[in-house]
Amino acid sequence: LVSLAAGAQEILTADRYLESVGKKYAEIKDYQAKVKIVSGKADMKGVLIHKAPNLLRIDFSVPEEQVIVFNGDSLTVYLPEYRAVLSQDVQSGGSSSGANLASARGLSIMRRNYVAAFEVGPAPVPLSPGSSEQVVKLSLSRRSLSEGFRELTVSVVPETLLIRRIEGKTIADEAVIIEFSDIILDQGIPEARFAYDSPASANLYNNFLFKDTN
């Protein structure tokens, strides 16, 4: 009986595994990674940098010269095709969205607003059918209707507890896939890397998502 009780205490739940991933990201001061984002017919690639707690920048090679920057207070998107800079003030706290999920804050929001379960079990499985790359897959279902993703599949590298892939299904039933590779941790990325000077010839559009009602 004592042996059975001890074994029961050691059962690893999906929520506890997600908590371990969150603790890993909480220890990370900054990271750099190659990122690939597939959404609908769009296929984007670039280099992402993140600095704790909430600085994020993606410099895209596809589409070339496109930039996304979040400085903790505002989101800036440069669309070279239209020579347009879109700027949006963002309320602190925010819901989980996109690449920002792969951060300590994003994982905290994820645990709070989603119910986690292992897709198959706690043992590693192939990242994709036929792949030699092994990951632990977590399936998350939203608790709150305010979340932009109805469900998420998070693939975690078991040896490092780093997120390899996030697959999401939006409320419009659109699939979004974000992949992270070649991750480099704690380089001492300066905050100056997250400053963005828009091209002088670009048109600026403020609060393009919604107007500030304060």
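Quick note: structure is the one above.
Cut-offs applied
- Residues numbered from 1 in each chain as written.
- Predicted model: local features only at pLDDT ≥ 70, side-chain atom pairs only at ≥ 80, totals over all residues.
- Heavy atoms only, no water.
- Helix = DSSP H or I, 4+ residues; strand = E, 2+ residues; numbered from the N terminus.
- Buried < 20%, exposed > 50% of the residue type's maximum accessible area, 1.4 Å probe, protein only.
- Contact = heavy atoms within 4.5 Å.
- Areas by Shrake-Rupley, 256 points an atom, 1.4 Å probe, with all protein chains shown as cover.
- Expected span 1.5 Å × (residues − 1).
- Arc of directions from axis to C-beta.
- Salt bridge = Lys/Arg side-chain N within 4 Å of Asp/Glu carboxyl O.
- Pairing = 2+ DSSP bridges.
- Core = buried A, V, L, I, M, F, W, Y, C linked by side-chain atoms within 4.5 Å.
- Phe/Tyr/Trp six-rings, centres within 6.5 Å; stacked < 30°, edge-to-face > 60°.

Peer 1: Would you take a moment to explain the overall build of the chain for this structure?
Peer 2: In terms of helices and strands, the chain carries 3 helices and 13 strands. Burial analysis of the chain (214 residues in total) assigns 39% to the buried set. Considering only contacts in the chain between residues 6 or more positions apart, those separated by 24 or more positions represent 48%. For the chain, the computed accessible surface area is about 12,000 Å², with 53% contributed by carbon and sulfur atoms.

Peer 1: What's the story with helix 2 (residues 14–27) in this structure? I'm lost.
Peer 2: Side chains three or four residues apart in an α-helix point the same way, a direct result of the helix having 3.6 residues per turn. With 14 residues, helix 2 should reach 20 Å at 1.5 Å per residue; the first-to-last C-alpha distance of 20 Å fits that figure. Where helix 2 is buried, its residues meet strand 1 (30–39), helix 3 (104–113), strand 7 (114–118), strand 9 (134–142), strand 10 (149–157) and strand 11 (162–170).

Peer 1: Please clarify how helix 3 should be interpreted in this entry.
Peer 2: Of the residues making up helix 3, those classed as buried are Gly106, Leu107, Ile109, Met110 and Asn113. Summarising the axial view, the buried residues of helix 3 lie within an arc of 160 degrees, below the 170-degree limit, and thus occupy one face. Tucked inside the fold, the buried residues of helix 3 contact helix 2, strand 7, strand 9, strand 10 and strand 11.

Peer 1: Just to check I follow, could you spell out unusual backbone geometry for this structure?
Peer 2: If a residue is not glycine, its phi is most likely negative; likewise, a peptide bond is most likely trans. The omega torsion across Ala52 and Pro53 is 5 degrees, close enough to zero to call that bond cis. For Pro53, the location among the structural elements is in the loop between strand 2 (42–51) and strand 3 (55–62). Omega for the peptide link from Val62 to Pro63 comes to -5 degrees, which places this bond in the cis form. With respect to the helices and strands, the residue Pro63 is situated in the loop between strand 3 and strand 4 (67–70). One non-glycine residue, Asp186, adopts positive backbone phi at about 50 degrees.

Peer 1: I would appreciate a short explanation of the pattern of salt bridges in the present structure.
Peer 2: Here the idea is simple: oppositely charged side chains can pair when their charged atoms come close. Following the criterion strictly, the structure yields 9 salt bridges and no others. In this structure, Lys23 and Glu19 form a salt bridge, with 3.9 Å as the shortest nitrogen-oxygen distance. Residue Lys23 and its partner Glu19 are both found in helix 2; the two are separated by 4 residues, about one turn of the helix. In this structure, the salt-bridge partner of Arg165 is Glu179, at a minimum N-O distance of 2.8 Å. One end of the pair, Arg165, is in strand 11; the other, Glu179, is in strand 12 (residues 175–185), and 14 residues separate them in sequence. Assessed through its relative accessible area of 10%, Arg165 is described here as buried. Linked by salt bridges that have partners in common, Glu133, Arg164, Arg165 and Glu179 make up one network.

Peer 1: Any chance you could explain the pairing of strand 6 (residues 84–89) here in plain terms?
Peer 2: Regular strands have side chains that alternate between both faces of the sheet. Extensive coverage of strand 6 is indicated by the burial of 5 of its 6 residues. In terms of strand pairing, strand 5 (residues 74–79) meets strand 6 through 6 bridges, oriented antiparallel. Residue Leu79 lies in a different strand from strand 6, and its bridge partner there is Ala84. The hairpin turn running from strand 5 into strand 6, its antiparallel successor, is 4 residues long, and Arg83 in that turn takes a positive phi close to 50 degrees. Of the strand pairs in this sheet, strand 6 and strand 13 (residues 203–206) are connected by 4 bridges, and their pairing is parallel. Its bridge partner being in strand 13, Ala84 is matched across the sheet by Asn203.

Peer 1: Explain the nonpolar core here, please?
Peer 2: One recurring pattern in soluble globular proteins: nonpolar side chains tend to sit buried together. Membership of the largest hydrophobic core comes to 36 residues, with the highest contact counts inside it found for Tyr25, Tyr31, Met110, Leu140, Leu152, Ile163 and Phe180. A per-element tally of this core places helix 2 first, with 5 residues. Apart from the residues lying within four places of it in its own chain, the contact partners of Leu152 are Leu101, Met110, Tyr114, Leu138, Ser139, Leu140, Ile166, Glu167 and Gly168. Of all hydrophobic cores here, the second largest spans 5 residues; its members include Val67, Tyr78, Val85 and Ala202.

Peer 1: How should I be thinking about the packing of aromatic side chains in this particular structure?
Peer 2: How two aromatic rings sit relative to each other is set out by the distance from centre to centre and by the angle between their planes. All told, the structure shown has 3 aromatic pairs when counted by the stated rule. Between Tyr25 and Tyr31 the ring centres are 6.3 Å apart and the planes differ by 80 degrees, which places this aromatic pair in the edge-to-face class. What makes Tyr31 buried here is its relative accessible area of 3%.

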